[in-house]
Amino acid sequence: MINILFICHGNICRSTMAEFYMKHIVNEAGLSDSIYVESAATSREEIGNDTHYGTKKKLDEMGIPYTRRKARQVTVDDYHTFDYLIIMDENNARNLRRIIGDDVDSKVYKAMAFVGESRDVKDPWYTGNFDETYDDVSRSCDALLELIKERLCHNKQLINSHFYRGV
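The following paragraphs examine the structure supplied in this document. (Residues numbered from 1 in each chain as written. Predicted model: local features only at pLDDT ≥ 70, side-chain atom pairs only at ≥ 80, totals over all residues. Heavy atoms only, no water.)

Comments concerning the packing of aromatic side chains
And step 1. Counted by the stated rule, this structure contains five aromatic pairs.
And step 2. On the numbers, 5.6 Å between centres and 90° between planes, the contact of Y21 with Y134 is edge-to-face. Of this pair, Y21 sits in helix α1 (residues 14-28) while Y134 is found in helix α6 (residues 130-165), placing the two residues 113 residues apart along the sequence.
And step 3. According to the relative accessible area criterion, Y21 is buried, its value standing at 7%.
And step 4. By the ring-pair criterion, three or more aromatic residues cluster together here, those being Y84, Y109 and F114. (Phe/Tyr/Trp six-rings, centres within 6.5 Å; stacked < 30°, edge-to-face > 60°. Helix = DSSP H or I, 4+ residues; strand = E, 2+ residues; numbered from the N terminus. Buried < 20%, exposed > 50% of the residue type's maximum accessible area, 1.4 Å probe, protein only.)

Points about the environment of A18
And step 1. Structurally, A18 can be placed in helix α1.
And step 2. The exposure class assigned to A18 is buried, which follows from its relative accessible area of 1%.
And step 3. Taking the C-alpha atoms as reference, A18 lies 7.4 Å from S138; in sequence the two are 120 residues apart.
And step 4. With near-sequence residues (within four places) excluded, A18 lies in contact with F6, M88, V137 and C141. (Contact = heavy atoms within 4.5 Å.)

Some points on the environment of N95
And step 1. Among the secondary structure elements, N95 is positioned in helix α4 (residues 90-100).
And step 2. With 15 residues separating them in the primary sequence, N95 and K110 have C-alpha atoms 13 Å apart.

As for α1
And step 1. Over its 15 residues, α1 runs 21 Å from end to end, which matches the ideal 21 Å to within 8%, given 1.5 Å per residue.
And step 2. Most of α1 is tucked away: twelve of the 15 residues are buried.
And step 3. Those residues of α1 lying buried are R14, S15, T16, M17, A18, E19, F20, Y21, M22, H24, I25 and V26.
And step 4. Following α1 by one or two positions, G30 has its phi on the positive side, about 70°. (Expected span 1.5 Å × (residues − 1).)

Concerning the environment of D103
And step 1. Assignment of secondary structure puts D103 in the loop between α4 and β4 (108-110).
And step 2. The partly exposed category is assigned to D103, whose relative accessible area is 27%.
And step 3. Placed 18 residues apart in sequence, D103 and L85 show a C-alpha to C-alpha distance of 9.9 Å.
And step 4. Ignoring sequence-local partners within four residues, the contact set of D103 consists of Y79 and V108.
And step 5. Within the structure, D103 has its side chain in polar contact with the backbone nitrogen of S106 (distance 3.1 Å).
And step 6. There is a polar contact of 3.0 Å between the side chain of D103 and the backbone nitrogen of V108. (Polar contact = N/O pair within 3.5 Å; in protein donor to acceptor, adjacent residues only side chain to side chain.)

In structure tokens form, the structure reads like this:
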């Protein structure tokens, strides 16, 4: 099982959009038994709040299912549980470091890095533009899923080669 945690400041806009989008494409790829997805915040400001209405509206528009949820803050245990901790911006990186310490296992990735960009995912909390955020999130999640599919395929090939050679 590969575990993915999307992280933003409040866990109501970008990280939840990424969580639900990723769950959707993972399900469509038939990989729900192999990939687990969640999201969390670096701050405590929105703890307990549901997904932002603008994120829900955009997900509805795109036909992406979502469920009621409560924002939560990332923990040190999350660092040990998740294989990928995907941050949305540089502020998330600084705040996450305060919570988990150094990324000694190289599990923290900036979302846009999966599409070869070093910039932040646009934050609709400030821009009001959920379309731009969706474009960033969908592109980065699509690229991440392709990377993981390659990893899963490679692992399966290794297992099969060991099985057939009797190793």
